[in-house]
Amino acid sequence: MNAPRIAIVLPCYNEQEVLPTTARTLLDLLDRFSADGLVAPDSYILCSNDGSRDATRRIIADLHAADPRLKGITLAHNRGQQPALLAGLMTVRDHCDAAITIDADLQDNPEMMREMIELFRRGTDIVYGVRSSRDTDSWFKRVTAQSFYRFQNAMGLQTIYNHADYRLMSRRALDILSQYGESNLYLRGIMPDIGLSTAVVEYARTERTAGESKYPLSKMIALSIDGITSFTAKPMRIIFLVGLCLMVVDIMVALWVLYVHMAHHTVSGWSSLMLSVWFLGSLILMAIGIVGEYIGKIFVEVKHRPRYNIEEKIF
């Protein structure tokens, strides 16, 4: 394969502290890759600005004026990381041979792009960047992240363990991705469903150089719920199985009550009654909440509203 044209897609939300350094690092990287004949000289970076409230938009314009290889789009509203990623990928789809997505903080080692591109040139359509370890994370972050992946797998969602959104996608993979029309985006779940040739590149993650993480625990939980309810109905099956188990328990309790009644034993039953009411009430509310999540997803999907609106494009 001739040197491919690579587009590096950066989702950006309030990244004014790190964006100038990130842009300089990635442009230098493209220069080295181009000098080695690994990528085409017209390879470029696209910043997908997710409605940032700081100076990110102005910085993107200034960086583009200094080097046209750095391009940008700005979404009309803050839509979240997944829609911002998709907007960037769909923007570059017709203008590259492959796209690499990476967070703007560059905690994911950008040097691993060399191995990703080499695998792509050998015919791989999707290359996942996977963390080799979580030694740099705090105990709480490590435990919650591992629980995040294990819970998804337990619920029947196919994901790549310790893989976030650092990946390479070929033009063919991008064309297939464009056919997925759901509004509730979870790209980590869509990638294995595409079904093309894949490979894994492992790397060690570093500390963030500036700014703060845009993915606290609350967003991780919300992302996990979106992924599970968008790709599997297993939680509803679990509710059904719990209901069956409770029905068996109810039959046993009914037989016991009948026996006590026939034996003329005096049983107050207040404690067991209250515990049963609270337990079953909590279970019913939880079941209604899970069903409500799925109904909410259906409500959003059937309206077919745009997943994002691009306000400005610097390309």
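Note: the structure precedes this text.
Residues numbered from 1 in each chain as written. Predicted model: local features only at pLDDT ≥ 70, side-chain atom pairs only at ≥ 80, totals over all residues. Heavy atoms only, no water.

## Examining empty space enclosed by the protein
Quick reminder of the rule: For each structure, a 1 Å grid was placed over the protein atoms alone; sets of points admitting a 1.4 Å probe that cannot get out are labelled cavities, open sets with protein on both sides within 12 Å along at least five of seven lines are labelled pockets, and lining residues have an atom within 4 Å of a point. Grid points are joined across faces, edges and corners, and a volume is the space filled by probe spheres set on the points. Each helix corresponds to a stretch of at least 4 residues labelled H or I by DSSP, and each strand to a stretch of at least 2 residues labelled E; elements are numbered beginning at the N terminus. Each residue receives one of three labels: charged for Asp, Glu, Lys and Arg, nonpolar for Ala, Val, Leu, Ile, Met, Phe, Trp, Tyr, Cys and Pro, and polar for the others, Gly being one of them.
Under the counting rule described, the total for this entry stands at 1 cavity of 30 Å³ or more. Reported here for the largest cavity is a volume of approximately 30 Å³. If you trace the largest cavity, you find it lined by Arg57, Ile60, Gly72, Ile73, Thr74, Glu312 and Ile314. Elements with a contribution of two residues or more to the lining of the largest cavity: α2 (56–66), β3 (70–75) and β8 (310–314). No other element matches the 3 residues that β3 contributes to the lining of the largest cavity. For the lining of the largest cavity, the residue count by class is 3 nonpolar, 2 polar and 2 charged.

## As for the environment of tyrosine 180
Rule in force here: Working rule for contacts: check all heavy atoms of both residues, and any pair within 4.5 Å makes them a contact. Any N or O atom pair separated by 3.5 Å or less is treated as a polar contact, with the protein-specific requirement of one donor-capable and one acceptor-capable atom, and with residues adjacent in sequence counted only for side-chain atom pairs.
By the element assignment, tyrosine 180 lies in the loop between α6 (171–177) and α7 (187–194). Contacts of tyrosine 180, omitting those with residues within four sequence positions, involve Ile190, Asp193, Ile194 and Arg307. A polar side-chain atom of tyrosine 180 sits 2.7 Å from a polar atom in the side chain of aspartate 193.

## Observations regarding the packing of aromatic side chains
The test is simple: Only rings of Phe, Tyr and Trp enter the pairing, Trp through its six-membered ring, and a pair is recorded when the two centres are within 6.5 Å. The plane angle decides the type: under 30 degrees is stacked, over 60 is edge-to-face, the rest tilted. Each residue is assigned to one of three classes by its accessible area relative to the maximum for its type, calculated with a 1.4 Å probe on protein chains only: buried under 20%, partly exposed between the two thresholds, exposed over 50%.
Tallied over the full model, the rule gives 2 aromatic pairs. Ring plane angle 80° and centroid distance 5.5 Å describe the contact between tyrosine 44 and phenylalanine 315, whose orientation is recorded as edge-to-face. One end of the pair, tyrosine 44, is in strand β2 (residues 44–49); the other, phenylalanine 315, is in the segment after β8, and 271 residues separate them in sequence. Judged by its relative accessible area of 36%, phenylalanine 315 falls in the partly exposed class. Each ring, one from tyrosine 166 and one from tyrosine 203, has its centre 5.4 Å from the other, and the planes form 80°; the classification is edge-to-face. With tyrosine 166 in strand β6 (residues 163–170) and tyrosine 203 in strand β7 (residues 198–203), the pair connects residues that are 37 residues apart, well separated along the chain. Of the residues examined, tyrosine 166 reaches a relative accessible area of 0% and is grouped as buried.

## Things to note about helix α1 (residues 19–35)
What counts, and what does not: By definition here, a helix of n residues has an expected span of 1.5 Å times n minus one. Directions from the helix axis toward the C-beta atoms define the arc.
Look at α1: 24 Å from first C-alpha to last across 17 residues, which is about the 24 Å you get at 1.5 Å a residue. Of the residues making up α1, those classed as buried are Leu19, Thr22, Ala23, Leu26, Leu27, Leu29, Leu30 and Phe33. Considered in projection along α1, the buried side chains sweep an arc of 155° and stay on one side of the axis. Close packing links the buried residues of α1 with β1 (6–12), β2, α2, β3 and α4 (113–121). Directly beyond the C-terminal end of α1, a positive phi value near 75° is found at glycine 37.

## Quick word on the pairing of strand β5 (residues 126–131)
Filter applied, for reference: Strands are treated as partners if at least two bridges between them are detected by DSSP.
Burial within β5 is extensive, with 6 of its 6 residues counted as buried. Burial along β5 is two-sided: Ile126, Tyr128 and Val130 facing one way and Val127, Gly129 and Arg131 facing the other are all buried. Taken together, the 4 bridges between β5 and β6 define a ladder with antiparallel strand orientation. Bridged to tyrosine 128 within β6 is arginine 167. Relative to β7, β5 runs parallel, the two sharing 6 bridges. Directly across from isoleucine 126, in β7, lies its bridge partner threonine 198.

## Let's talk about the nonpolar core
The cut-off we apply is this: Side-chain atoms within 4.5 Å link the members of a nonpolar core, which is a set of buried Ala, Val, Leu, Ile, Met, Phe, Trp, Tyr and Cys residues.
Core analysis: the largest hydrophobic core is formed by 36 residues, its most contacted members being Ile8, Leu10 and Met113. Every element with two or more residues in this core is listed here: β1, α1, β2, α2, β4 (98–101), α4, β6 and β7. The leading source of residues in this core is α1, at 7 residues. If we skip the residues at most four places from it in the chain, leucine 10 touches Leu19, Thr22, Leu26, Ile45, Leu46, Cys47, Ser48, Ile102, Asp103 and Ala104. Formed by 30 residues, the second largest nonpolar core is a distinct cluster that contains Val9, Ile73, Met169 and Met191.

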